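As a plain string of letters, each chain reads:
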Amino acid sequence: MNGLRPMFDDENKNTTTLGSEPGVRTLRGLKAAAVIAALVVFGAADANAQPFLQQTGVWIDATKSGNPANGFNEGAKSTPSFVDLDGDGDYDMVWGFDAAGASDGLVYYKNTGDDDTPTFVRQTGAWNNTTKTGDPFSGVVAATANSNPIFVDLDSDGDQDLVLGNNDEVAYYRNDGNATSPNFVTPGVNPFSGVDFATTGRRVFAPAYADFDDDGDYDFAIGVDDGYVWYAKNTGTTASPAFTLYQNGVAWEDVGKTGNPFKAYNDFVDATKASAVVDDILETHPCVFDYDGDGDYDLLAGAVNGQIWYFRNSGDADTPTPFTQMLGASNPFDGVDVGASAAPVYADLDDDADLDIFIGRAAGDALYYRNEAAMTLALDPVAPPLHESTLDGAVINLVAHNGRWTDGFLDPANFTLNNAPIGAAVASVTYVDPQLAQLTIDYSAGADFDADYTNFRVTADAIEVQKNVDVQSAQRTIQANNDAES
């Protein structure tokens, strides 16, 4: 991916891209670009792992357990979205619901806690730039039905704009304020105006975004009420987007990057309609992210029957196809049934550098599934290979996935070299960012050795990692002097 990521970026801190896409600024908790980069990757190292555990009851700060939206219910078909609208470094929540045309179908919950201990407080009245309180959508967003909000910097001006799917269209409300003081307005031109949704005969449009064709701008996946996922390709620019719509029957074409990359999902919809109850597959809510950590965007699709399907992208960053349905234990939400109208979205609300899942549903509340995936460490020599002749002073990058360092000070005494030559020791460990450290090896007193050390690893003590459990890195080989360097 070229730096744009879906649903959660740091600039955003939202359900679309929390960051340089995610636009990177330092955040408390999600502190830097490196954290953001990992945020968009769920990082299930084991494809059969089931890393999500439902949390119920009131939120408990000490254990990061419970549901931070426990008891919230604004009306049928909840569609929560997360974004840092007041620029204080934590996620606020914008709650969409089906207002049936009686209101804008949006409620703003300000996070008065912080990045790992969220406390959401419902806001009413006009927005106040001084106190950062009130409802920034009041009097601006038109009354609608089936509100599906997401936030993205669509005009590349450094703040988060509102893209709102509803019963009639994909609406756009430009943020003419800034990253700490939003001011949403109806622009003269809606970049989705080139897509005449009214003539499609479809309703209930649920958008998600990512740079699917890897050309540096945002494209959109749009779920619709008959179960399909349409693709809106950005044929404009990062600052002046314009969209071309590809509906369910148009196959992706690699050379021109045209067509619908979600055709495999839409074929699944067709097959399901032919063999099961049609209503089971309606009202798709797409959620786009790199679940398997391979550098491209995968698809979670919530449906009206309350289930969630996972389609893995077997292509790459600029060739987002084919999508393959993952069944059984390979689907992280296999067996989950939220009742009706599943609307998945993700956010790192416990600040452990992995993405958790919220699922809105027809009942009007939202379920919270905490990501329990284990932290892993990649071990990457700065100047490979690791070799006996250059081992003294060798520098190794320790890259954290699904977790981060506890703080900016790393004690070398808390790092251990495993299956290393006699005399090898940790000289220093330097914090680079929340998910990267550099370890330097001292081998000044080391003796010659004749056989490779093929299972060299580094262990970080629990006190140094946010998930508070010892983490051992992947393995590397240290070559002996009598081996040819490669």
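Residues numbered from 1 in each chain as written. Predicted model: local features only at pLDDT ≥ 70, side-chain atom pairs only at ≥ 80, totals over all residues. Heavy atoms only, no water.

Caption draft 1: Spotlight on the pairing of strand β18 (residues 308-313). The element β18 is largely enclosed, with a buried count of 5 among its 6 residues. Across 4 bridges, the pairing between strand β17 (residues 298-302) and β18 is antiparallel. Opposite Leu299, over in β18, you have Phe311 as the bridge partner. Hairpin connection, β17 to β18: the antiparallel pair is bridged by 5 residues, and Gly306 has positive phi, about 90 degrees. (Buried < 20%, exposed > 50% of the residue type's maximum accessible area, 1.4 Å probe, protein only. Helix = DSSP H or I, 4+ residues; strand = E, 2+ residues; numbered from the N terminus. Pairing = 2+ DSSP bridges.)

Caption draft 2: Up close: the packing of aromatic side chains. Applying the stated criterion across every chain yields a total of 35 aromatic pairs. Centre to centre, the rings of Tyr231 and Tyr246 are 6.3 Å apart; their planes meet at 25 degrees, and the pair counts as stacked. Residue Tyr231 is found in strand β14 (residues 229-234), and its partner Tyr246 is found in strand β15 (residues 243-246); the two are separated by 15 residues along the sequence. A relative accessible area of 0% places Tyr231 in the buried class. (Phe/Tyr/Trp six-rings, centres within 6.5 Å; stacked < 30°, edge-to-face > 60°.)

Caption draft 3: Structural context of the environment of Asp290. Checked against the element boundaries, Asp290 lands in the loop between β16 (285-289) and β17. Here the alpha-carbon distance between Asp290 and Arg312, two residues 22 residues apart in the chain, equals 8.8 Å. Only 3.2 Å separates the side chain of Asp290 from the backbone nitrogen of Asp294, close enough to count as a polar contact. (Polar contact = N/O pair within 3.5 Å; in protein donor to acceptor, adjacent residues only side chain to side chain.)

Caption draft 4: View of the confidence of the model for the protein chain. This prediction gives the protein chain a mean pLDDT of 85; 88% of its residues lie at or above 70. Confidence, read as mean pLDDT per element, is least for helix α1 (residues 33-39) in the protein chain (31) and greatest for strand β26 (residues 415-418) (98). (pLDDT = per-residue confidence, 0-100.)

Caption draft 5: Examining the environment of Ile359 more closely. The topology assignment puts Ile359 in strand β21 (residues 356-360). Spatially, the C-alpha atom of Ile359 lies 6.3 Å from that of Val345, the residues being 14 residues apart in sequence. Among all residues touching Ile359, those that are not within four sequence positions of it are Ile308, Phe333, Val338, Ala342, Ala343, Pro344, Asp365, Ala366, Leu367 and Tyr369. (Contact = heavy atoms within 4.5 Å.)

Caption draft 6: Seen up close, the sheet that holds β21. Here 4 strands make up an open sheet; going across it, the order is β3-β22-β21-β20 and the pairing antiparallel. The sheet is open, and its two edges are formed by β3 (52-55) and β20 (343-347), each paired on a single side. Neighbour to neighbour, the strand axes of the sheet diverge by 30 degrees on average, direction disregarded. Relative to strand β22 (residues 366-371), β3 is paired through 4 bridges, and the arrangement is antiparallel. Bridge pairing in β22 places Gln54 opposite Tyr369. (Axes fitted to C-alpha atoms, helices over the stretch in contact; angles between N-to-C directions.)

Caption draft 7: Broad picture of the pattern of salt bridges. In total, this model carries 14 salt bridges according to the counting rule given. Lys233 is paired through a salt bridge with Asp213; the nearest N and O atoms lie 2.4 Å apart. Here Asp213 lies in the loop between β12 (206-210) and β13 (219-223) and Lys233 lies in strand β14, a separation of 20 residues in the sequence. The exposure class of Lys233 is buried, given its relative accessible area of 10%. Here Arg404 ties to Asp351 by a salt bridge, and the two come within 2.7 Å at their closest N and O atoms. Placement of Arg404 in the loop between β25 (395-401) and β26 and of Asp351 in the loop between β20 and β21 is noted, with a sequence separation of 53 residues between them. (Salt bridge = Lys/Arg side-chain N within 4 Å of Asp/Glu carboxyl O.)

Caption draft 8: Highlighting the side chain of Ser341. Inspection of the secondary structure assignment puts Ser341 in the loop between β19 (323-326) and β20. Beyond its immediate sequence surroundings of up to four residues, Ser341 is in contact with Lys77, Glu283, Ala303, Val304, Asn305, Gly306, Gly360, Arg361 and Ala362.

Caption draft 9: Looking closely at helix α2 (residues 263-275). The end-to-end C-alpha distance of α2, which contains 13 residues, comes to 18 Å, matching closely the 18 Å that a straight helix rising 1.5 Å per residue would cover. For α2, the set of buried residues is Tyr265, Asn266, Phe268, Val269 and Thr272. One face of α2 carries all of its buried residues, which in axial projection span an arc of 150 degrees. Seen from the open side of α2, the exposed residues pointing more than 90 degrees away from its buried face are Ala274 and Ser275. As for α2, its buried residues are in contact with β14, β17, β18 and β19. (Expected span 1.5 Å × (residues − 1). Arc of directions from axis to C-beta.)

Caption draft 10: Representation of the environment of Arg361 within the structure. Within the secondary structure, Arg361 is located in the loop between β21 and β22. Along the backbone, Arg361 and Pro344 are 17 residues apart, and their C-alpha atoms lie at a distance of 8.8 Å. Those residues in contact with Arg361 that lie beyond four places of it in its chain are Lys77, Ser78, Val338, Ala340, Ser341 and Leu367.

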